[in-house]
Amino acid sequence: MPGKQETIGLLLVTAVTASLLLIGRLTEGIVIFDGLSPVINRQIAYQLATLAIALAFLGILRKMKGPAFRTYFRPGNLSAKILPEPAVGIKPGLHENWMHFGTSFAIIISLVTAVIIYFQLFKDSTVKTWAIPRILPFAIAFSLVNSFIEESITRFGVVVILKDSVKDKTIPVVSAALFGAVHYWGTPGGAAGVLAAAFLGWLLAKSILETRGIGWAWTIHFLQDVIIFSALLTV
């Protein structure tokens, strides 16, 4: 069972996660660069603020859980053994590992994300395809930073705080619940967004535990964010 330190850590993760939603609202209408669109200005303000919070959170986490922090705050072994989960179709063959499944999941989850985004944003909207070359650098930069922020808090933070205080199989479930809940108000949102985010939260926490690093988690999350930010900036 989680002790006092783990309980405080989980409360901190929850508070920091909630602050991301609050900052998202507070940064509406902020203009930093007159030559950029309102949505890009908002993202710049949002990501600068949330990156500062994430870095402060990591500093606190390192003091609270130093050994676990140092174990998992690295790329990890991207070809590590993947433990089977037949209920969700993870049935590795004799020579299959995270390199095989990480690549496959990156493609499959990206396609699922694209479909959800299409029905939630594009179906009844005019897509500014002409703007894609201009916004793509912003989408990539925002995706790189945002995926690091969210992985640091809702995935890496949960793994480091709960490691060795609960069963390893429980940790991804906690991350799934947290990440899924906040995406009800996110993009993709609603019930479909919650389910997609919850599965992603579970899978990426599993990847951190089994590869002993954030390499796959950050990479897969980054790819999803490129799709999401590209959509948000072109609608």
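Here is a short report on the structure shown in this document. Fair warning: this is a prediction, and the values are worked out from it, not measured in the lab. (Residues numbered from 1 in each chain as written. Predicted model: local features only at pLDDT ≥ 70, side-chain atom pairs only at ≥ 80, totals over all residues. Heavy atoms only, no water.)

Describing the overall build of the protein
(1) Moving on: Within the protein one finds eight helices and zero strands.
(2) Moving on: Listed N to C, the secondary structure of the protein is α-α-α-α-α-α-α-α in terms of helices and strands.
(3) Moving on: For a compact globule of 235 residues, the expected C-alpha radius of gyration is about 18 Å, and the protein comes in at 18 Å, within 12% of that figure.
(4) Moving on: Taking the principal axes of its C-alpha atoms as reference, the protein extends roughly 50 × 40 × 30 Å. (Helix = DSSP H or I, 4+ residues; strand = E, 2+ residues; numbered from the N terminus. Rg over C-alpha atoms; globule rule 2.2 N^0.38 Å.)

Considerations on the environment of Val182
(1) Moving on: Among the structural elements, Val182 can be located in helix H6 (residues 170-182).
(2) Moving on: Put simply, Val182 and Phe142 are 40 residues apart on the chain and 19 Å apart in space, counted from C-alpha to C-alpha.
(3) Moving on: Apart from the residues within four sequence positions on either side, Val182 is in contact with Thr17 and Leu21. (Contact = heavy atoms within 4.5 Å.)

With respect to unusual backbone geometry
(1) Moving on: Although it is not a glycine, Asp164 adopts a positive phi angle of roughly 75°.
(2) Moving on: Secondary-structure assignment places Asp164 in the loop between helix H5 (132-162) and H6.
(3) Moving on: The phi dihedral of Arg212 is positive, around 55°, even though this residue is not glycine.

With respect to the nonpolar core
(1) Moving on: Ile153 and Phe156 are the most contacted members of the largest nonpolar core, which totals 44 residues.
(2) Moving on: Within the residue set of this core, elements represented by two or more residues are helix H1 (4-26), helix H2 (38-64), helix H3 (66-72), helix H4 (98-122), H5, H6, helix H7 (190-211) and helix H8 (215-234).
(3) Moving on: With nine residues, H5 is the largest single contributor of residues to this core.
(4) Moving on: Those residues in contact with Phe156 that lie beyond four places of it in its chain are Leu58, Leu61, Phe69, Tyr72, Phe73, Glu151, Ile208 and Ile214.
(5) Moving on: Core analysis: the second largest hydrophobic core is formed by seven residues, Ile40, Ala139, Phe229 and Leu233 among them. (Core = buried A, V, L, I, M, F, W, Y, C linked by side-chain atoms within 4.5 Å. Buried < 20%, exposed > 50% of the residue type's maximum accessible area, 1.4 Å probe, protein only.)

Observations concerning the packing of aromatic side chains
(1) Moving on: A complete count under the given rule lists nine aromatic pairs for this structure.
(2) Moving on: Here Phe69 and Phe156 contribute two aromatic rings whose centre-to-centre distance is 5.2 Å and whose plane-to-plane angle is 80°, an arrangement assigned as edge-to-face. With Phe69 in helix H3 and Phe156 in helix H5, this residue pair connects regions lying 87 residues apart in the sequence.
(3) Moving on: Ring centres of Phe101 and Phe105 lie 6.2 Å apart, and the angle between their planes is 40°; this geometry places the pair in the tilted category. Placement of both Phe101 and Phe105 in helix H4 is noted, with a separation of four residues, approximately one turn of the helix. Each member of the pair Phe101 and Phe105 is classed as buried.
(4) Moving on: Here a set of aromatic residues connected by ring pairs shows up, and it is made of Phe101, Phe105, Phe199 and Trp202.
(5) Moving on: Seen from the ring of Phe179, Arg155 lies directly overhead, with NZ or CZ sitting 4.2 Å from the centre. (Phe/Tyr/Trp six-rings, centres within 6.5 Å; stacked < 30°, edge-to-face > 60°. Lys NZ or Arg CZ within 6 Å of the ring centre and 35° of its normal.)

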